[in-house]
Amino acid sequence: MNEFGGFLGWVTAVCYFIAVANYFVKRIFRKWIVKLPKESIVRTDYQKGMLLLVRYHRYFGMAAGGFAVAHLLWQINFARVSYSGIAATVLMAATAVMGIAVAYGHKTGVLKAHRPVSMVLLAATVFHLLTKI
């Protein structure tokens with residue numbers, strides 16, 4: 001039973017890290033890649049990868065939120081619950097809801113909250129993975 005809870009947790013983490021990579025990939029592109037010549041293989045390949053990541057960012061974010069809630073419910077029912085996990089799940093669910101509002105409601109004010117909460121979530125997720133307290 002514990003193995004499935006761990007599996008759900010790792011699926012959550014992978015989906016979240018892929019979703020949060022969207023921000024870093026865009027920053028790297030604006031800072032370094034855009035300066036490369038348009039014919040550069042690195043630039044064209046990077047743009048193709050970035051396009052895929054940006055296109056599917058919302059789905060990985062929603063999946064991360066869903067898997068986080070499933071992971072928490074599984075841990076509550078069949079294993080032990082950690083306070084850092086509860087905090088990370090609350091932040092993950094809030095980030096996912098804000099992301100859905102941005103994606104489908106075009107709320108620019110929500111976007112200003114979505115990004116910093118996602119970065120706090122990054123710290124909370126790493127803390128949870130390291131301590132599990």
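Look above for the structure.
Per-chain numbering applies: the sequence of each chain, read as written, is numbered from 1 onward. Thresholds applied to this predicted model are a pLDDT of at least 70 for local features of residues and 80 or more for the giving and counting of side-chain atom pairs; totals over whole chains, interfaces and linings are not thresholded and use all residues. Computation of side-chain values: all heavy atoms of the structure, hydrogens and water removed.

## Comments concerning unusual backbone geometry
Positive phi values are uncommon outside glycine, yet Lys132 reaches one of about 55°. To qualify as a helix, a DSSP run of H or I must reach at least 4 residues; to qualify as a strand, a run of E must reach at least 2; elements of each kind are numbered from the N terminus. Here Lys132 shows up in the segment after helix H4 (108-131). A 1.4 Å probe rolled over the protein chains alone gives each residue an accessible area, and that area as a share of the maximum for its type sets the label: buried under 20%, exposed over 50%, partly exposed in between. Owing to a relative accessible area of 38%, Lys132 belongs among the partly exposed residues under this scheme.

## With respect to helix H2 (residues 41-78)
Fitting axes to the seven residues that end at a residue and to the seven that start at it, the angle between those axes gives the bend at that residue. Its maximal kink placed at Tyr56, H2 deviates by approximately 50°. Turning to H2, its buried residues number three or more, namely Arg43, Met50, Leu53, Ala64, Gly65, Ala68, His71, Leu72, Trp74 and Gln75. Any two residues having at least one pair of non-hydrogen atoms within 4.5 Å are treated as being in contact. Where H2 is buried, its residues meet helix H1 (2-31), helix H3 (83-105) and H4. The term polar contact refers here to a pair of N or O atoms within 3.5 Å; inside protein, the definition further demands a hydrogen-donor-capable atom paired with an acceptor-capable atom, and it admits residues adjacent in sequence only when both atoms are side-chain atoms. A side-chain oxygen of the first residue of H2 lies 3.3 Å from the backbone nitrogen of Val42; this N-cap is Ser40.

## Structural notes on the nonpolar core
Nine residue types can take part in a nonpolar core, namely buried Ala, Val, Leu, Ile, Met, Phe, Trp, Tyr and Cys, and a core is a set of them joined through side-chain atoms within 4.5 Å. The biggest cluster of nonpolar side chains holds 10 residues, and these are Val11, Cys15, Tyr16, Val20, Ala64, Ala68, Ala88, Met92, Leu121 and Ala124. Put simply, the parts of the chain that give this core at least two residues each are H1, H2, H3 and H4. A total of 4 residues in this core trace back to one element, the largest contributor, which is H1. In this structure Met92 touches Thr12, Tyr16, Ala64, Gly65, Ala68 and Leu121, once residues within four positions along its chain are discounted.

## Points about the packing of aromatic side chains
Only rings of Phe, Tyr and Trp enter the pairing, Trp through its six-membered ring, and a pair is recorded when the two centres are within 6.5 Å. The plane angle decides the type: under 30 degrees is stacked, over 60 is edge-to-face, the rest tilted. Taken as a whole and assessed by the stated rule, the structure comprises 7 aromatic pairs. Each residue in the set Phe4, Phe7, Trp74 and Phe78 is aromatic and connected to the rest through ring pairs, giving one cluster. Two conditions define a charge located above a ring, namely a distance within 6 Å from the ring centre to NZ of Lys or CZ of Arg, and an angle within 35 degrees of the ring normal. Here Arg58 stacks its cationic end above the ring of Tyr104, 5.5 Å away from the centre of that ring.

## Things to note about the layout of surface pockets
The method works on a 1 Å grid over the protein atoms by themselves. A cavity is a set of points holding a 1.4 Å probe that cannot get out, a pocket is an open set with protein on both sides within 12 Å along at least five of seven lines, and residues with an atom within 4 Å of a point line them. Grid points are joined across faces, edges and corners, and a volume is the space filled by probe spheres set on the points. Within this model, the largest pocket holds a volume of roughly 680 Å³. Asn22, His57, Gly99, Leu111 and His114 are, among the 32 residues lining the largest pocket, the residues nearest its centre. At the level of secondary structure, the elements contributing two or more residues to the lining of the largest pocket comprise H1, H2, H3 and H4. Residue classes follow a fixed rule: Ala, Val, Leu, Ile, Met, Phe, Trp, Tyr, Cys and Pro count as nonpolar, while Asp, Glu, Lys and Arg count as charged, and any other residue, Gly among them, counts as polar. Of the residues belonging to the lining of the largest pocket, the class tally is 16 nonpolar, 9 polar and 7 charged. When its volume is computed, the second largest pocket comes out at roughly 460 Å³. In this structure, the second largest pocket is lined by 23 residues; those nearest its centre are Gly9, His71, Gln75, His128 and Lys132.

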